[in-house]
There are 2 protein chains.
Amino acid sequence: MNFLEEKILADGIIKSGNILKVDNFLNHQIDIDIMRQIAYEFKRRFRGKTVTKILTIEASGIAIATMLADLYDVPVVFAKKGETANCTDDKYVSQAYSFTHERMNNVFVSKPYLNEGEKVLIVDDFLADGQAMLAMIDIVKQAGAEVVGLGVAIEKGQQKGGATLRAAGYHLESIAIIDSMDADAQTVKFR
Amino acid sequence: MNFLEEKILADGIIKSGNILKVDNFLNHQIDIDIMRQIAYEFKRRFRGKTVTKILTIEASGIAIATMLADLYDVPVVFAKKGETANCTDDKYVSQAYSFTHERMNNVFVSKPYLNEGEKVLIVDDFLADGQAMLAMIDIVKQAGAEVVGLGVAIEKGQQKGGATLRAAGYHLESIAIIDSMDADAQTVKFR
């Protein structure tokens, strides 16, 4: 069992409806040791790849992206969500359905911050149906940049995001992949 | 002139209406060298203070808070904004007016992540009227924790936030304080 799987078992809370709460170390309170270790693990798994920029999406991806950017010594860009449709000429815009908020979100990056030829490593805290990840990939392509890899802390393996992205040929690295959870027993089965 | 003032002059864009855009290094694209230097500068300015937690607010405070937490080796908590009024019994909630979005935002932190007796350093990228900072201070007080200091990257010195917080006795450290800006000449006067 790796460090993140252990942490999920120790501090994650499984709720009915296939919900895993990890907001005491990943997406509300941030355990800096875990962040550091996630960053080093991504660096190891993407060894040999040239990375010129880290892309993530607000808000909980930012801590992981920042720690990783510190290792690569490259800039982070975080995609923003929400109201921007009134002024899109200077932005790359895509859409992602938010299951949390039950609505489509605009996802956008200002054009100067993603450029043709850049080698972009996309990271996020969670991968479920892959909506946010697909929106970020779309934005990188709009910019004429290259997706060199996708790094995810926790993948919900029962949902379709991981399978979709691997089938499309992306180099996806998920540090913990959850195959099943049991809210009554508070148990998690990892792949 | 310090490193952040230099960076603002080099890469900031002044727009009419007293707006400073720094989204190419601080709050959309993140210059990791600047983040590192901001973190070391806060560590230096708050030397001698015991800090057990870093508190910030999503989204653009997270990168600064993460780099600083890495130096202090303590957890980060980022306050969240938005819809939560339907379920507040497990959260500390305060309000902040957003001038950007022209509305009141709820600002909240889940109760387990701020505790009585903790020594909290609050950081943010911008300080203008101090709405977000005052909401975070309110939340720390609700938790019975102690505000040991306030660290801000860029303070807009013409607005009332800094004066209010200093008059209230807080140890506020702003790395760059802007006294005036001229959009036509693209000049900034620092304090």
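Quick caveat, the model's predicted, so the values are computed rather than measured.

Visitor: Can you lay out the overall build of chain A for me, pointing to particular residues and giving the numbers?
Guide: Broken down by element type, chain A carries five helices and 11 strands. Here the C-alpha radius of gyration of chain A, 16 Å, is about what a compact globule of 191 residues would show, namely 16 Å. With the C-alpha coordinates aligned to their principal axes, the bounding extent of chain A is approximately 50 × 35 × 30 Å. Within the span of chain A, comprising 191 residues, buried residues form 56% of the whole. Looking at chain A as shown, the accessible area adds up to about 8100 Å², and 46% of this sits on carbon and sulfur atoms.

Visitor: Give me unusual backbone geometry: which residues, what numbers.
Guide: Cis geometry marks the peptide bond from glutamate 58 of chain A to alanine 59 of chain A, where omega comes out at 0 degrees. Of note, alanine 59 of chain A is situated in the loop between β4 (53-57) and α3 (61-72). One non-glycine residue, aspartate 73 of chain B, lies in the positive phi region at around 60 degrees. Here aspartate 73 of chain B is to be found in the loop between α3 (61-72) and β5 (76-81). Looking at aspartate 73 of chain B, the relative accessible area reads 47%, which means it is partly exposed. Despite not being glycine, glutamine 186 of chain B has its phi angle at roughly 55 degrees, a positive value. With respect to the secondary-structure elements, glutamine 186 of chain B resides in the loop between β10 (172-182) and β11 (187-190).

Visitor: Give a description of the relation of the copies chain B and chain A that names residues and reports values.
Guide: Overlaying chain B with chain A gives an RMSD of 0.0 Å, the required rotation being 180 degrees about an axis along which the chain moves by 0.0 Å. As the rotation angle and translation indicate, the two copies are arranged about a two-fold axis. It is alanine 59 of chain B whose C-alpha, among those of chain B, lies nearest the rotation axis, at 2.6 Å. Interface residue correspondence from chain B to chain A reaches 100%, placing this contact among same-surface, isologous pairings.

Visitor: So, the interface of chain B and chain A: which residues are in play, and what are the values?
Guide: Taken together, the contact between chain B and chain A spans 33 residues of the former and 34 residues of the latter. Of the roughly 2800 Å² buried between chain B and chain A, counting both surfaces, carbon and sulfur atoms make up 56%. When the area that chain B buries against chain A is broken down by residue, the three leading residues are His28, Gln29 and Tyr113 of chain B, summing to 24%. Here chain B is connected to chain A by four salt bridges. Salt-bridge contacts for aspartate 70 of chain B lead to arginine 36 of chain A; the nearest nitrogen and oxygen are separated by 2.6 Å. One can count 18 residue pairs in polar contact (both at pLDDT 80 or more) joining chain B with chain A. At the level of secondary structure, the elements contributing two or more residues to the side of chain B that touches chain A comprise β3 (29-30), α2 (32-45), α3, β5 and β7 (103-110) of chain B. Class assignment of the residues belonging to the side of chain B that touches chain A gives a composition of 15 nonpolar, eight polar and 10 charged.

Visitor: So what's going on with the nonpolar core? Which residues, and what values?
Guide: One finds Leu4, Ile38 and Ile54 of chain A together with Leu4, Ile38 and Ile54 of chain B to be the most contacted residues of the largest nonpolar core, which totals 82 residues. Sequence-distant contacts of isoleucine 54 of chain B, defined by excluding residues within four places in its chain, comprise Ala65, Leu68, Ala69, Tyr72, Val74, Pro75, Val76, Val77, Leu121 and Val123 of chain B.

Visitor: Describe in detail the pairing of strand β10 (residues 172-182) of chain A, supporting the description with residues and values.
Guide: All names here are of chain A. Extensive coverage of β10 is indicated by the burial of eight of its 11 residues. Here six bridges tie strand β9 (residues 146-156) to β10, and the two strands are oriented parallel to one another. In the strand pairing of β10, glutamate 155 is matched with isoleucine 177. Bridge count between β10 and strand β11 (residues 187-190): four bridges; the pairing is antiparallel. Paired with serine 180 across the two strands is lysine 189, which belongs to β11. If you look at the hairpin formed by β10 and β11, you'll find four residues sitting between the two strands, and glutamine 186 has a positive phi there, around 55 degrees.

Visitor: Would you mind going over helix α4 (residues 131-142) of chain A in detail, with residue names and values included?
Guide: Residues and elements named next belong to chain A. With 12 residues, α4 should cover 16 Å at 1.5 Å per step; its first-to-last C-alpha distance of 17 Å lies within 8% of that length. Within α4 the residues assigned to the buried category are Met133, Ala135, Met136, Ile137, Ile139 and Val140. Looking at the buried side of α4, the elements it contacts are β4, β6 (91-98), β7 (103-110), β8 (119-127), β9 and α5 (161-167). Backbone geometry just downstream of α4 places glycine 144 in the positive-phi region, at approximately 75 degrees.

Visitor: Provide a residue-level description of a nonpolar patch on the surface, including the pertinent values.
Guide: A cluster of nonpolar side chains, namely Tyr97, Phe99 and Met104 of chain A, defines an oily patch on the protein surface of about 310 Å² accessible area. Examined against the element boundaries, phenylalanine 99 of chain A turns out to sit in the loop between β6 and β7.

Visitor: So, the packing of aromatic side chains: which residues are in play, and what are the values?
Guide: All names here are of chain A. Summed over the entire model, instances satisfying the criterion amount to two aromatic pairs over all chains. On the basis of an interplanar angle of 40 degrees and a centroid distance of 6.4 Å, the ring pair of phenylalanine 42 and phenylalanine 46 is categorised as tilted. Summarising the burial analysis for this pair, phenylalanine 42 and phenylalanine 46 share the class buried. Positioned above the aromatic ring of tyrosine 72, the side-chain terminus of lysine 43 is 5.1 Å from the ring centre.

About the cut-offs
- Residues numbered from 1 in each chain as written.
- Chains lettered and ligands numbered in written order.
- Predicted model: local features only at pLDDT ≥ 70, side-chain atom pairs only at ≥ 80, totals over all residues.
- Heavy atoms only, no water.
- Helix = DSSP H or I, 4+ residues; strand = E, 2+ residues; numbered from the N terminus.
- Rg over C-alpha atoms; globule rule 2.2 N^0.38 Å.
- Buried < 20%, exposed > 50% of the residue type's maximum accessible area, 1.4 Å probe, protein only.
- Areas by Shrake-Rupley, 256 points an atom, 1.4 Å probe, with all protein chains shown as cover.
- Least-squares fit on C-alpha atoms with pLDDT ≥ 70 in both.
- Contact = heavy atoms within 4.5 Å.
- Buried area = accessible area lost by both parts, 1.4 Å probe.
- Salt bridge = Lys/Arg side-chain N within 4 Å of Asp/Glu carboxyl O.
- Polar contact = N/O pair within 3.5 Å; in protein donor to acceptor, adjacent residues only side chain to side chain.
- Nonpolar A, V, L, I, M, F, W, Y, C, P; charged D, E, K, R; others polar.
- Core = buried A, V, L, I, M, F, W, Y, C linked by side-chain atoms within 4.5 Å.
- Pairing = 2+ DSSP bridges.
- Expected span 1.5 Å × (residues − 1).
- Patch = residues over 30% accessible without salt bridge, like charges linked within 9 Å, V, L, I, M, F, W, Y side chains within 5 Å.
- Phe/Tyr/Trp six-rings, centres within 6.5 Å; stacked < 30°, edge-to-face > 60°.
- Lys NZ or Arg CZ within 6 Å of the ring centre and 35° of its normal.

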